[in-house]
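# Observations on the three-dimensional arrangement
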Amino acid sequence: MTESRRATLLAVLLGTMGTLHFLVPRPFDRLIPRALPGTARTWTYASGVGELGTALLISVPRTRRLGGLLAALLFVAVFPGNVKMALDAKTTPSKIVAITRLPLQWPLVAWALRVRDGRD
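Residues numbered from 1 in each chain as written. Predicted model: local features only at pLDDT ≥ 70, side-chain atom pairs only at ≥ 80, totals over all residues. Heavy atoms only, no water.

On to the pattern of salt bridges, then. Across all of its chains, the model carries 4 salt bridges by this definition. In this structure, Lys84 and Asp88 form a salt bridge, with 2.5 Å as the shortest nitrogen-oxygen distance. Taken as a pair, Lys84 and Asp88 lie in helix H5 (residues 79-88) at a separation of 4 residues, close to a single helical turn. Look at Asp88 and you get partly exposed, because its relative accessible area is 29%. The salt bridge involving Asp117 is made with Arg116; its shortest N-O contact spans 2.7 Å. Its relative accessible area of 31% is what places Asp117 among the partly exposed residues. Its relative accessible area of 25% is what places Arg116 among the partly exposed residues. Several salt bridges converge on common partners, so that one network encompasses Arg65, Arg116 and Asp117. (Salt bridge = Lys/Arg side-chain N within 4 Å of Asp/Glu carboxyl O. Helix = DSSP H or I, 4+ residues; strand = E, 2+ residues; numbered from the N terminus. Buried < 20%, exposed > 50% of the residue type's maximum accessible area, 1.4 Å probe, protein only.)

Printed below as a string of structure tokens:
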């Protein structure tokens, strides 16, 4: 896969998820740890803005390096929310899905760092 295609796909993923934070915020609200100040919805919208902004940075070749770094940091930052989702799951199937998602966060970090480094 080419460097440009890898970056485009990551930007599309982040842009799609960022948009979903605004279109259907309720599932994202449930990921927000209660210990954070403010409302879950505020954090949902803020993370949506972060994902959209990161997607934009990755989309522009001149800012792609910064965007890749911010995407990697974003994927690390949302990990506690994914852990919360796994702990809060009420049914066995949803718990299995949530737990299975946890190790998938690290390939996303690696993908973002590859975009940052411009490696094929």
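So, on to H5. Of the residues making up H5, those classed as buried are Gly81, Asn82, Lys84 and Ala86. Of the surrounding elements, those touching the buried residues of H5 are helix H6 (92-101) and helix H7 (105-117). (Contact = heavy atoms within 4.5 Å.)

A few words on the packing of aromatic side chains. Enumeration according to the criterion identifies 2 aromatic pairs in this entry. Here the aromatic rings of Phe22 and Tyr45 are separated by 5.2 Å at their centres, their planes lie at 5°, and the arrangement is stacked. Of this pair, Phe22 sits in helix H1 (residues 3-23) while Tyr45 sits in helix H3 (residues 40-59); the two residues are 23 residues apart in sequence, bridging distant segments of the chain. Overall, Phe22 belongs to the partly exposed group, its relative accessible area being 37%. Accessibility expressed as a relative area gives 33% for Tyr45, which makes it partly exposed. (Phe/Tyr/Trp six-rings, centres within 6.5 Å; stacked < 30°, edge-to-face > 60°.)

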